[in-house]
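Residue-level structure breakdown
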Amino acid sequence: MTVITAASGKLGQTLASAFAAKGLTGSVKLAARSPDKLAAQQAQGFTVVAADYDDPASLQAAFAGEDVAVIISSMGPNEVRIAQHHNAIQAAKAAGIQRIVYTSATNPADASLFDWAKAHVATEAELKASGIAYTILRDNSYFSNNDPLFANARESGVLPFTGIEAKVAYIAHEDVVDAIISAVTGTGHANKVYEIAGSEAYSAVELAAILSAVTGREITALDVPVSAFEAQFRAHGLPEFVVTGVGSFYAALGAGEYAQTSTDVETLTGRPSTTAQAYLARFA
């Protein structure tokens, strides 16, 4: 039996759909702060419960009787994330969870330009010291993070990015979802760390060329500073921690921190990771 936290988010709902497609609704519990958001999944046969990262008792109740907990990284400033992940790990331990599958991120290092990497550093360290078996999946940048940029480029002919020559080993949501399912249902994954990154890496220049080919419109990559992205985020009214956090993510991408490729998706799932050509063809 498996329980998934933060299950009402995009990754959680995509994961639920994949479990349902495999006929595993009866063996998966979905936990969310607002379980009403999972009414459709409950109708499919999933058990749905309320669990809040800020409420350890609700987490322990959600974890009770389960074998594996999939802890999807929470949202918020580092101090909030670290505290919430701590609550989840301690609740899992108290409930007798046998193994935790945690969605971390590429290059979890204090020296990373990506500010939120610090939360993953702390959480990975606590997991490894917890005494519970763990499987850590370090996710690279999603292709879909760039969907607004791709959509704008299709209309304007310009793909703006920070560090347009820097490569990124992008992944698709289905890569992460299939890796999680394999890590949950397979064997031999205890106390392992997997790099969920593409087997190929692409610069913004290369993405613009691929997007040109699939749309039939000439698209050019344009190097822009992180401050330009941050200004746009502020204009949209996003919280400051999101503005600076996502801005720092673009800085890390532009510095080449996410360039390292990996074949761990194929190791876990038996299929190659999604290519930029395949993703952008679907997008177009």
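Basis of the calculations
- Residues numbered from 1 in each chain as written.
- Predicted model: local features only at pLDDT ≥ 70, side-chain atom pairs only at ≥ 80, totals over all residues.
- Heavy atoms only, no water.
- Helix = DSSP H or I, 4+ residues; strand = E, 2+ residues; numbered from the N terminus.
- Contact = heavy atoms within 4.5 Å.
- Polar contact = N/O pair within 3.5 Å; in protein donor to acceptor, adjacent residues only side chain to side chain.
- Buried < 20%, exposed > 50% of the residue type's maximum accessible area, 1.4 Å probe, protein only.
- Pairing = 2+ DSSP bridges.
- Right-handed = clockwise from strand over helix to strand, strands pointing away.
- UniProt positions renumbered as here; feature names shortened; annotations may be inferred.

Labelled according to an unreviewed UniProt entry, the chain appears under the name NAD(P)H dehydrogenase (Quinone), originating from Ancylobacter amanitiformis.

The next point concerns the environment of Thr-215. Mapped onto the fold, Thr-215 is located in helix 8 (residues 204-215). If near-sequence neighbours (up to four positions away) are discounted, Thr-215 is found in contact with Arg-154 and Ala-284. Among the polar contacts made by the side chain of Thr-215, one reaches the main-chain amide nitrogen of Arg-217 at a distance of 3.3 Å.

Moving on, we get to the environment of Lys-37. By the element assignment, Lys-37 lies in the loop between strand 2 (28-32) and helix 2 (39-44). If sequence neighbours within four positions are ignored, Lys-37 has contacts with Ser-8 and Gln-13.

This part covers the pairing of strand 2. Among the 5 residues that make up strand 2, 5 are buried, leaving the element largely enclosed by the rest of the structure. Side-chain alternation along strand 2 places Val-28, Leu-30 and Ala-32 on one buried face and Lys-29 and Ala-31 on a second face that is also buried. Pairing between strand 1 (residues 2-4) and strand 2: 3 bridges, direction parallel. For Thr-2, the partnering residue across the bridge sits in strand 2 and is Val-28. Tracing the backbone out of strand 1, into helix 1 (residues 10-21) and back to the parallel element strand 2 gives a crossover that is right-handed. Bridging between strand 2 and strand 3 (residues 47-50) involves 4 bridges; their strand directions are parallel.

A few words now on the UniProt feature "domain: NmrA-like" (unreviewed entry) in the chain. Mapped onto this numbering, the UniProt entry annotates "domain: NmrA-like" (unreviewed entry) at residues 3-231. Between the end C-alpha atoms of residues 3-231 the distance is 39 Å, and the span holds 43% helix and 18% strand.

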